[in-house]
Amino acid sequence: IYGHGLLGSNSEVSGGHVRAMANEHNFVFCATKWIGMADEDVPNAISILGDVSKFPTFADRQQQGILNQLFLARLMIHPQGFIANAAFQDASGNAVIDTSDVFFDGNSQGGIFGGTGMAVAQDITRGVLGVPGMNYSLLLTRSIDFTVYAAILYPSYPNQLQRPLVLALIQMLWARSEPN
């Protein structure tokens, strides 16, 4: 299972470095979006930066994104999963993917939420969490991407003393889906 980067997409699994790793080690990558933190969530994220009272919609979708990863892992190894479909069988009906085990590889956002996924996964036995971190209220302002977010957040919350409090309050909701 491949976990994509911040506000990214499952299409990142098609990247050259991912394909090279799959070819080098003879394994198959599969990916789904980390909904809640995927490209389709950008409009909601922008809206929340202007009014953090909307944050529960963001945190709830992140929990669904983790659940989606777990279901994808199950589809990779279950006899009634992908291998039950002819697209994953050879001409004789034999599976073309090894279903004996499933692993996780995530970087950046995939490394962060991959920690949560790995903690609750029943089917994923090993994983790589590249450039992970936790908790978001601490990471957010240290991100190279924060300048863009601050341009929306700071005008909505102009008092510098309130900003850390705002981040700490939303962390209570964020903690439901983070690895911490």
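Residues numbered from 1 in each chain as written. Predicted model: local features only at pLDDT ≥ 70, side-chain atom pairs only at ≥ 80, totals over all residues. Heavy atoms only, no water.

Participant: Just checking my understanding: could you explain the pairing of strand S2 (residues 102-107) for this structure?
Facilitator: Along any regular strand, the residues point their side chains to alternate faces of the sheet. Direction of pairing for strand S1 (residues 2-3) relative to S2: parallel, over a ladder of two bridges. Across the sheet, the residue bridging to Gly3 is Gly106, located in S2. By the bridge criterion, six bridges tie S2 to strand S3 (residues 124-130) in an arrangement that is parallel. Within the sheet, the bridge partner assigned to Gly106 lies in S3 and is Leu129. (Pairing = 2+ DSSP bridges. Helix = DSSP H or I, 4+ residues; strand = E, 2+ residues; numbered from the N terminus.)

Participant: Mind showing me how you'd approach helix H6 (residues 146-156) here?
Facilitator: A turn of α-helix holds 3.6 residues, and therefore any two residues three or four places apart point the same way. Residues of H6 that are buried: Phe146, Tyr149, Ala150 and Leu153. Seen along its axis, H6 keeps its buried residues to an arc of 100 degrees; they face one direction. Facing away from the buried side of H6, by more than 90 degrees, are the exposed residues Thr147, Val148, Ala151 and Pro155. Packed against the buried residues of H6 are helix H2 (42-50). (Buried < 20%, exposed > 50% of the residue type's maximum accessible area, 1.4 Å probe, protein only. Arc of directions from axis to C-beta. Contact = heavy atoms within 4.5 Å.)

Participant: Just to check I follow, could you spell out the packing of H2 against H6 for this structure?
Facilitator: The geometry of a pair of packed helices is captured by two quantities: the angle between their axes and the separation between those axes. In contact at an axis separation of 7 Å, H2 and H6 are set at 30 degrees when each is read in the N-to-C sense. Put simply, H2 runs roughly parallel to H6. Within the contact between the two elements, H2 uses Ile46, Leu49 and Gly50 and H6 uses Tyr149, Ile152, Leu153 and Ser156. For the contact of H2 with H6, the per-class residue count stands at five nonpolar, two polar and no charged. (Axes fitted to C-alpha atoms, helices over the stretch in contact; angles between N-to-C directions. Parallel < 35°, antiparallel > 145°, perpendicular 65-115°, else oblique. Nonpolar A, V, L, I, M, F, W, Y, C, P; charged D, E, K, R; others polar.)

Participant: What am I meant to see in unusual backbone geometry here?
Facilitator: Leaving glycine out, the prevailing phi sign among residues is negative, and the prevailing peptide bond configuration is trans. Here the bond from Met134 into Asn135 is cis, since omega is -20 degrees, no more than 30 degrees from zero. Tracing the backbone through its elements, the reader meets Asn135 in the loop between S3 and helix H5 (136-139). A positive phi is found at Leu7, a non-glycine position, where the angle reads about 50 degrees. Among the structural elements, Leu7 can be located in the loop between S1 and helix H1 (16-25). Not every positive phi belongs to a glycine, and Asn26 is a case in point at roughly 60 degrees. Counting through the fold element by element, Asn26 comes out in the loop between H1 and H2. Residue classification places Asn26 among the exposed residues on the basis of a relative accessible area of 72%.

Participant: Sorry, what's going on with the nonpolar core here?
Facilitator: Proteins that are soluble and globular tend to have nonpolar side chains buried together. Core analysis: the largest hydrophobic core is formed by 36 residues, its most contacted members being Ile1, Met37, Phe55, Phe58, Phe113 and Trp174. For this core, the secondary-structure elements that each account for two or more residues are H2, helix H3 (55-77), S2, helix H4 (109-120), H6 and helix H7 (163-174). Per-element accounting of this core gives the leading share, seven residues, to H3. Excluding residues that lie within four positions of it along the chain, Phe58 makes contacts with Gly36, Met37, Asp41, Asn44, Ala45, Ile48 and Trp174. Core analysis: the next-biggest nonpolar cluster, separate from the first, contains six residues, Val13, Val18, Ala22 and Ala31 among them. (Core = buried A, V, L, I, M, F, W, Y, C linked by side-chain atoms within 4.5 Å.)

Participant: What am I meant to see in a nonpolar patch on the surface here?
Facilitator: Taken together, Leu165, Leu169 and Met172 make up a surface patch of nonpolar side chains, about 320 Å² in accessible area. Within the secondary structure, Leu165 is located in helix H7. Here Leu165 falls in the exposed class, since its relative accessible area comes to 51%. (Patch = residues over 30% accessible without salt bridge, like charges linked within 9 Å, V, L, I, M, F, W, Y side chains within 5 Å. Areas by Shrake-Rupley, 256 points an atom, 1.4 Å probe, with all protein chains shown as cover. Salt bridge = Lys/Arg side-chain N within 4 Å of Asp/Glu carboxyl O.)

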